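Here's the letter readout for the chains.
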Amino acid sequence: MNFKFFKYAFVSLLLISFSLYSQHEENDKQPATATENSEQSHPEKEDFNAAELIHHHLSDSHDYNFDFPFIDKIQFHLPVILWTDKGLTVFSSKDFKGDEEGQVIVTKNGHQFKRIHDLIVYADKVGDHVNPKDVPLSARPLDFSITKNVISMLLTFLILLLVLFYTKKSYNHKRMPKGVGHFMEPLIIFIRDMAKDNIGPKYEKFVPFLLTVFFFILFSNLFGLIPFSPFGYNLTGNIVVTFVLAVIVFIITNVNGNKSYWTHILWPPGVPIILKPFIALIEILSIFTKPFALMIRLFANIFAGHTIILTFITLIFVFKNWGVPFASGFATIFMYTSELLVAFLQAYVFTLLSAIYFGMAIKEEAH
Amino acid sequence: MNLLHPETLVFWTTLFFLIFFFLFVKLAWKPILKTIKEREQSIEDALLQADKAREEMAKLKSDNQKILNEARTQRDNMLKEAKELKEQIINKARKEAQTEAGKEIEKAKRVIESEKQAAIKELKNQVSELSINIAEKVLGEELKDKNEQLKQVDKLVSQIKFN
């Protein structure tokens, strides 16, 4: 009974949140419009900047803005962890006082730091750069801060851990799962069978990795679509995250590569001897292009999806016309539906291609 | 995007991924996959057993059918034999009865014949006795006087023919 109540409450909360969310933003907008109409003195400052909003959503941050319906914006300050030439430096991002333009300078551990967007640079070294693109790498410390994306990733992994814990618990000495296990088991079996088909008889040792990758990508994709904090992040649409996943796939593939795999790359059989070096060159290149394609595919799909949805929503505030919300609302719903498909599809494609690469690496050639 | 400070996410993603990968393997993937595998094995075994049982049943069924068919043919044979036997017996009985009846009839005929002969004989005897009696009576009446006696004698004498 209690559970049912919570279920309905959650669904209605979700529904209300959408309407309130948009209302909230429009309320924020109103003074801006008013000032714009009355005094034309600072139009560029008050103007709604869609590109900045989208960029802000897609980039990382040292502050965590907790956006949730009914709740005023809460800002959490996350720890900044820097590796400087004078050792580890840790302080709270509160010290920047919300500044992202490099105005506030923080002095810690014998160094001065300032923040330009999500990039922390030395204020006492090299030059003052307004445009972060001009900052040379040497002019900043290594940044191991627990940023918004790190928190989001930890959250994703913890939720996944919880789900898997309950999935495992639902089996408890029984053969059939219950509850959340009903949702998870078909997916687990689906991935396992896919691995079996693509890797071959020695598939079993790769299944845990493939399952972890699949569920991490799937959960990140899906949580990234929930439009309020602590979700609505952009993890798999971040090329660094997909880069790490692709590198892990690369390492596993080449560590497991057997003799036949390396012969095919370095001395391809069935090719005229004059061509062998050239084919080998292409093959060596393909070792890297395969995970590279994995990285780009996942990143581009999720990144593009988030960008398009945000673009459609920001169109409302750009045009400020009563007809636009209907059109862009419809488009947003359409994109959301297709993003839901993409969330599953990209998680599956990444896992499938990883499995195929593993299969190539351990396949015993029967020549 | 963290392109300007990629080390942040590279570090944390790698760390989290490795930590949680081993956690998941230990806590979830191994036991879950094991359970699923065991279950599939048991299902396969059960199916195989069911197939076996079905085969056995089919065999038993066909055996039963065979036995049934045999029994049926046996029954038919027995019935046929019985029928034949019955007919044989009936025929034999009929024949025997017929011969017996024939004999009886023959006997009866003979008895009847002999009885008839005896009866005829007796009848003859009686007739002769009766006729003698009648003749005595008639003759007694007629031969009361002498004349009559003589007449009669004459008559009889005249009737006698000599060969």
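Asker: What is the right way to read the overall build of chain B from this model?
Answerer: A count of helical and extended segments in chain B gives 2 helices and 0 strands. Relative to the globule expectation of 15 Å for 163 residues, the C-alpha radius of gyration of chain B, 64 Å, shows a markedly less compact shape. Seen along its three principal axes, the alpha-carbon backbone of chain B occupies a region of about 200 × 30 × 25 Å. For chain B, with 163 residues in total, the buried portion stands at 9%.

Asker: Hey, could you run me through the sheet that holds strand β6 (residues 111-116) of chain A in this one?
Answerer: Backbone hydrogen bonds are what pair the strands of a sheet, in a parallel or an antiparallel way. Residues and elements named next belong to chain A. Pairing is antiparallel across the open sheet formed by 3 strands, whose spatial order is β5-β6-β7. Taken across any chain shown, the strands that pair with only one partner, and hence form the sheet edges, are β5 (101-108) and β7 (119-122). The sheet shows a mean angle of 30° between the axes of neighbouring strands, taken without regard to direction. Bridge count between β5 and β6: 5 bridges; the pairing is antiparallel.

Asker: Help me out: how do you make sense of the interface of chain B and chain A in this one?
Answerer: Quite often, the size of an interface is put as the accessible area lost when its parts meet. Taken residue by residue, the interface counts 30 residues in chain B and 36 residues in chain A. Residue composition of the side of chain B that touches chain A, grouped by class: 22 nonpolar, 6 polar and 2 charged.

Asker: How do you make sense of the nonpolar core when you look at a structure like this?
Answerer: Nonpolar side chains in soluble globular proteins tend to be buried together. Among the nonpolar cores identified, the biggest contains 55 residues, and Ala195(A), Phe206(A), Leu210(A), Leu211(A), Val213(A), Phe214(A) and Ile217(A) are the most heavily contacted of them. When residues of this core are traced back to their parent elements, those giving at least two are α4 (148-171), α5 (180-199), α6 (207-225), α7 (239-256), α9 (276-319) and α10 (324-362) of chain A together with α1 (6-142) of chain B. Per-element tally for this core: the top contributor is α6(A), with 12 residues. Those residues in contact with Val213(A) that sit more than four places away from it in its chain are Leu245(A), Phe350(A), Thr351(A) and Ser354(A). With 10 residues, the next largest nonpolar core counts Leu82(A), Phe96(A), Val106(A) and Leu4(B) among its residues.

Asker: Is there a simple way to explain unusual backbone geometry in this structure?
Answerer: Trans peptide bonds make up the majority, and among non-glycine residues the majority have a negative phi. All names here are of chain A. At Asn109, a residue that is not glycine, the phi angle is positive and equals roughly 55°. The topology assignment puts Asn109 in the loop between β5 and β6. A positive phi is found at Lys320, a non-glycine position, where the angle reads about 50°. Relative to the assigned elements, Lys320 resides in the loop between α9 and α10. The class for Lys320 is exposed, based on 12 C-beta atoms found within 10 Å.

Asker: I keep staring at the domain arrangement of chain A and nothing clicks. Help me out?
Answerer: Residues and elements named next belong to chain A. One can read the domain layout of chain A as domain 1 (2-73), domain 2 (79-145) and domain 3 (150-362). The dominant element in the side of domain 1 that touches domain 3, judged by the number of residues it contributes, is helix α3 (residues 50-58), at 5 residues. Of the residues that constitute the side of domain 1 that touches domain 3, the class distribution is 10 nonpolar, 2 polar and 2 charged.

Asker: So what exactly am I meant to see when it comes to the pairing of strand β3 (residues 79-84) of chain A here?
Answerer: Across a regular strand the side chains alternate sides, sitting on one face of the sheet and then on the other. Residues and elements named next belong to chain A. Note that β3 and strand β4 (residues 87-92) share 6 bridges and pair antiparallel. From the neighbouring strand, Pro79 faces β4, where its bridge partner is Ser92. Linking β3 to β4, which pair antiparallel, is a turn of 2 residues.

Asker: What am I meant to see in the confidence of the model for chain B here?
Answerer: Detailed reading of the predicted coordinates is not advisable wherever pLDDT is low. Averaged over every residue, the pLDDT of chain B is 88; residues scoring 70 or more account for 97%. With a pTM of 0.73, the predicted complex shows an ipTM of 0.82.

Asker: What is the right way to look at the packing of α6(A) against α10(A) in this model?
Answerer: Residue and element names in this part refer to chain A. Look at α6 against α10: their axes get within 9 Å of each other, and the N-to-C directions meet at 165°. For the element pair α6 / α10, the angle class is roughly antiparallel. Two packed elements cross with a definite hand, and for α6 against α10 that hand is right-handed. The segment α6 lies against α10, with Leu210, Val213, Phe214, Ile217, Leu218, Asn221, Leu222 and Leu225 engaging Tyr336, Glu339, Leu340, Ala343, Phe344, Gln346, Ala347, Phe350, Thr351, Ser354 and Ala355.

Conventions used here
- Residues numbered from 1 in each chain as written.
- Chains lettered and ligands numbered in written order.
- Predicted model: local features only at pLDDT ≥ 70, side-chain atom pairs only at ≥ 80, totals over all residues.
- Helix = DSSP H or I, 4+ residues; strand = E, 2+ residues; numbered from the N terminus.
- Rg over C-alpha atoms; globule rule 2.2 N^0.38 Å.
- Buried ≥ 20, exposed ≤ 12 C-beta atoms within 10 Å, placed from the backbone.
- Pairing = 2+ DSSP bridges.
- Axes fitted to C-alpha atoms, helices over the stretch in contact; angles between N-to-C directions.
- Contact = placed C-beta atoms within 7 Å.
- Nonpolar A, V, L, I, M, F, W, Y, C, P; charged D, E, K, R; others polar.
- Core = buried A, V, L, I, M, F, W, Y, C linked by C-beta atoms within 7 Å.
- Domains from an automatic or database assignment.
- pLDDT = per-residue confidence, 0-100.
- Parallel < 35°, antiparallel > 145°, perpendicular 65-115°, else oblique.
- Left-handed = near helix turned anticlockwise from the far one by under 90°.

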